[in-house]
Amino acid sequence: MKTKFELSAERPWRNLLYTLTAVTALIYTYLAFFEPGTLTYAPFTIQDDARQFLAWMSRLGDSAAMQGDLIADYWQSVGPPFYRAIYAAAEAIGLVPTVFARLLPLALLALSAWMAWRVALLMTKRPLAAFVAAAFVIGFVIHEDSIYSATPRAFSTPLFLVFLDGLLRRRAWTMIGALFLLGLLYPSTAIVGVTMIGLSRIGWRPFRIDFGLRSWLLGGLAAAAVVVAALPLADSADRWEPSLTVEEALAMPNLGTPEGRSTIVGLDGEIDYLCSARMGVLPEIVPCWSTRWAVVPNILLLLPMLFLAWGAVRRTRYQPDEEPGDLIYVWAIVAGVAWFLVALAVAFSLHLPSRFTQRTLSILEFLAIGQMLGLLLDRWASEGRRRGLAIVGSLTGLFLLVSFATPLPGFDRPRDPDALKRIAAMPQDTIVGGVSDELDFVPALTGEDTLATIEHSIPYHKGYFGPLEERLEASLAAVSSPDPAALSDYARRYSVDLIVVDRAFVEHGTLPERWATVVPEAVAQARTALARQPSALQRRAEACALHRGELVLLDARCLASGSGGPI
């Protein structure tokens, strides 16, 4: 009786889920604020993708910062207005963006755990099974870096779970509220949710479409909420149009080659509509770029969800306003794939096609895996099958413990923090150029105008990427040329004050590999020039260096004139 009571009690399982999530949150907090293996505060820790969306945020504390900066202008405009308002509110209470971006995931993780439990309990009706299902969802969340990014996509998972909770409980205002917030922050997930609401108004056995007042109000208000929420974002990005077409993208090294920074093709050089981070319909749990066989495990992970969806189609007797149960899997698949096809047809005007399936199906496939396994364990416990329960339960518990203890936030830190401090201390109107992967950190962590970086080389809007590509190529030509006039022209043309290169470039002429993923021809030309003779920058680096470490900071005017002196 004791075992049966414990299995049927919600609180112990719910508290166990929250406790495990709290442990993950503590581990994450340590990784976010301290140097690994020490208790030394790490001020320059930043999540990989946050380097893009935080690139303009020095303007929150100083409206005069980064005026006319291409990178800052673009990333401010493509950031949803409500997202910008969240960071502005944090700045107003003293939380600078780089700190707030590391704290925000804690709140989103807590919301995800709460909603995952509620959704899982509704789907399974059994506390043990609900724990396993919710734990699998959170286990996925903490190993996929979206929630840690503190970018708009960080809100997709927790708000989608809120929406699912409302859908399962048939609570209109919960659904509409969640979709409105998703529309403000991540519209592609909101669009899938609205479509799922439409599908929920279709009855099964007997088949009928409910055209009642509630259906019209629910569908109309949900759609209106998403449209009203998403319109400001669409308008703010208009200045960078036109968007690329798929045909144009395939002709660009950045997109049309397997090694491109934003590639849309697979390892064979062709678009992979199944397994691709940007163009594939399958949730990319095993990275598609890692092996040609990645599609196999990604399909296998989806099978439990497909099985439950097929079972719901075959057996469920459902009418609108009833609890849908496993039909949510059917609705999510149909809605996600439908919008995937629409986005594919108009790429890249309606975000990346993969965002309509991967952001939603990934959550549900792990819910389905946990649901099936949890119900199996619950049934074995009820039937007294102790051996099977002990073996499978122990393996499941060990897997979950390891999962919750190993969050993967995807943090980056500059290799030369002293160089970043030196750049941050420079006058506000300093323009930073050069060739180095470490330039990726400069906009977000220092607030200084940065000419061009690889991390910010997002190619989907021609009005942005065209000028940025030109600057990348100009930077490579300037640092590799043996002619001092090339440096002078570069500094004058782009008003560059500081040129940043790697120490390996000064000493050996080594260029960063990642630059070849965006502008391979310019990199090849620069390497050819450097193979012939040292560049003017290499020859003058000793006299013009303001800082020598892993990074070398060089006075652009000194390089151009051949004379020393600080900026």
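Before going into details, it helps to say that this report is about the structure given with it. Computed from a predicted structure; not experimentally measured.

1. Description of the overall build of the protein
Assigned secondary structure in the protein consists of 26 helices and nine strands. Here the C-alpha atoms of the protein give a radius of gyration of 26 Å, agreeing with the 24 Å that 2.2 N^0.38 yields for 567 residues. Expressed as a percentage of the 567 residues in the protein, the buried residues total 56%. Long-range contacts, defined here as pairs at least 24 residues apart, represent 68% of the contacts in the protein between residues at least 6 apart. Total accessible area on the protein is roughly 23,400 Å²; 62% of this is exposed by carbon and sulfur atoms. Positive and negative charge centroids in the protein, built from 48 and 53 side chains respectively, lie 11 Å apart.

2. Quick notes on unusual backbone geometry
The residue after Arg205, namely Pro206, is reached through a cis peptide bond having omega 5 degrees. Within the fold, Pro206 resides in the loop between β2 (202-203) and β3 (208-209). The omega angle of the peptide bond from Glu241 to Pro242 is 5 degrees, so this bond is cis rather than trans. Relative to the elements of secondary structure, Pro242 occurs in the loop between α12 (213-236) and α13 (246-250).

3. As for empty space enclosed by the protein
To find the voids left in a structure, one rolls a probe of water-molecule size over its atoms. Summed over the entire model, instances satisfying the criterion amount to two cavities of 30 Å³ or more. What the largest cavity holds in volume is close to 90 Å³. Lining the largest cavity, in full, are Leu167, Arg170, Met175, Ser200, Arg201, Arg214, Leu218, Tyr318, Asp321, Glu322 and Pro324. Among the residues forming the lining of the largest cavity, the class breakdown is five nonpolar, one polar and five charged. Lining of the second largest cavity is provided by Tyr28, Thr45, Ile46, Gln47, Ala50, Thr98, Ala101, Arg102, Tyr148, Ser149, Ala150 and Phe411. Put simply, the parts of the chain that give the lining of the second largest cavity at least two residues each are β1 (46-47) and α7 (97-124). Residue contributions to the lining of the second largest cavity peak at three residues, all from α7. Looking at the lining of the second largest cavity residue by residue, the classes come out as seven nonpolar, four polar and one charged.

4. Focus: the pattern of salt bridges
This structure, assessed with the given rule, holds 31 salt bridges. Residue Arg153 pairs with Asp145 through a salt bridge whose shortest N-O separation is 3.4 Å. According to the relative accessible area criterion, Arg153 is buried, its value standing at 13%. A single network of salt bridges, built from pairs that share partners, joins Asp48, Arg51, Arg261, Asp412, Asp440, Glu455 and Arg514.

5. Quick word on the sheet that holds strand β7 (residues 498-502)
Spatial strand order, β6-β5-β7-β9-β8: five strands in an open sheet with mixed pairing. Of all strands in the sheet, those with a lone pairing partner are β6 (449-450) and β8 (545-548), marking the two edges. Where strand β5 (residues 431-435) meets β7, four bridges bridge the pair, whose relative direction is parallel. Each residue of the ladder has a partner; that of Val432, found in β7, is Leu498. Contacts from helix α25 (residues 536-544) reach β7, β8 and β9 (551-555), with the element oriented near 90 degrees to β8.

6. Topic: the environment of His547
Take His547: it is sitting in strand β8. Residue His547 is classed as buried on the basis of its relative accessible area, which comes to 16%. For His547 and Ala419, which are 128 residues apart along the polypeptide, the C-alpha to C-alpha distance reads 6.8 Å. Setting aside residues no more than four positions away along its own chain, His547 makes contact with Asp416, Asp418, Ala419, Val552 and Leu553.

7. Things to note about the packing of aromatic side chains
Overall, the coordinates contain 20 aromatic pairs when judged by the stated rule. Between Trp13 and Phe131 the ring centres are 5.4 Å apart and the planes differ by 35 degrees, which places this aromatic pair in the tilted class. Residue Trp13 is found in helix α2 (residues 10-33), and its partner Phe131 is found in helix α8 (residues 127-141); the two are separated by 118 residues along the sequence. Phe131 shares its class with Trp13; the two are buried. Each ring, one from Phe53 and one from Trp75, has its centre 5.1 Å from the other, and the planes form 70 degrees; the classification is edge-to-face. Linking Phe53 in helix α3 (residues 50-53) with Trp75 in helix α5 (residues 70-78), this pair joins segments that are 22 residues apart in sequence. Note on accessibility: Phe53 and Trp75 belong to one class, buried. Put simply, the rings of Phe53, Tyr74, Trp75, Tyr83, Tyr87, Phe100, Trp240 and Tyr464 touch in pairs and so form one group of aromatic residues.

Each value, and the rule that gives it
All chains use their own residue numbering, which begins from 1 and follows the written sequence. Local features in a predicted model are, by the rule used here, given only for residues with pLDDT of at least 70; side-chain atom pairs are given and counted only at 80 or more, and totals for whole chains, interfaces and linings are based on all residues. In computing side-chain values, all of the structure's heavy atoms are included and hydrogens and water are not. Working definition: helices are DSSP H or I runs of at least four residues, strands are E runs of at least two. Numbering for both runs from the N terminus. Here the radius of gyration uses the C-alpha set of atoms, whereas the globule reference equals 2.2 Å times the residue count to the power 0.38. The rule is simple: take the accessible area with a 1.4 Å probe, protein chains only, and divide by the maximum for that residue type; under 20% is buried, over 50% is exposed, in between is partly exposed. Working rule for contacts: check all heavy atoms of both residues, and any pair within 4.5 Å makes them a contact. For every accessible area listed, the method is Shrake-Rupley and the probe measures 1.4 Å; residues are considered covered only by the protein chains on display. For the charge count, each Lys or Arg is scored as positive and each Asp or Glu as negative, with His and the chain ends excluded. To locate a charge, take NZ of a lysine, CZ of an arginine, CG of an aspartate or CD of a glutamate. Within this scheme a cavity is a closed region of a 1 Å grid, computed over the protein atoms alone, that accommodates a 1.4 Å probe without allowing it to escape, whereas a pocket is open but has protein on both sides within 12 Å along at least five of seven lines; lining residues each have an atom within 4 Å of a point. Grid points are joined across faces, edges and corners, and a volume is the space filled by probe spheres set on the points. Ten residues, namely Ala, Val, Leu, Ile, Met, Phe, Trp, Tyr, Cys and Pro, are considered nonpolar, four, namely Asp, Glu, Lys and Arg, are considered charged, and the remaining ones, Gly among them, are considered polar. For this analysis, a salt bridge means a side-chain nitrogen from Lys or Arg found within 4 Å of a carboxyl oxygen belonging to Asp or Glu. Should DSSP find at least two bridges between two strands, the strands are taken to pair. Helix axes are fitted to C-alpha atoms over the stretch in contact, other axes to C-alpha atoms as well, and angles between N-to-C directions run from 0 to 180 degrees. In this scheme Phe, Tyr and Trp rings, the latter by its six-membered ring, pair at centre separations within 6.5 Å, and the angle between planes marks the pair as stacked below 30 degrees, edge-to-face above 60, and tilted otherwise.

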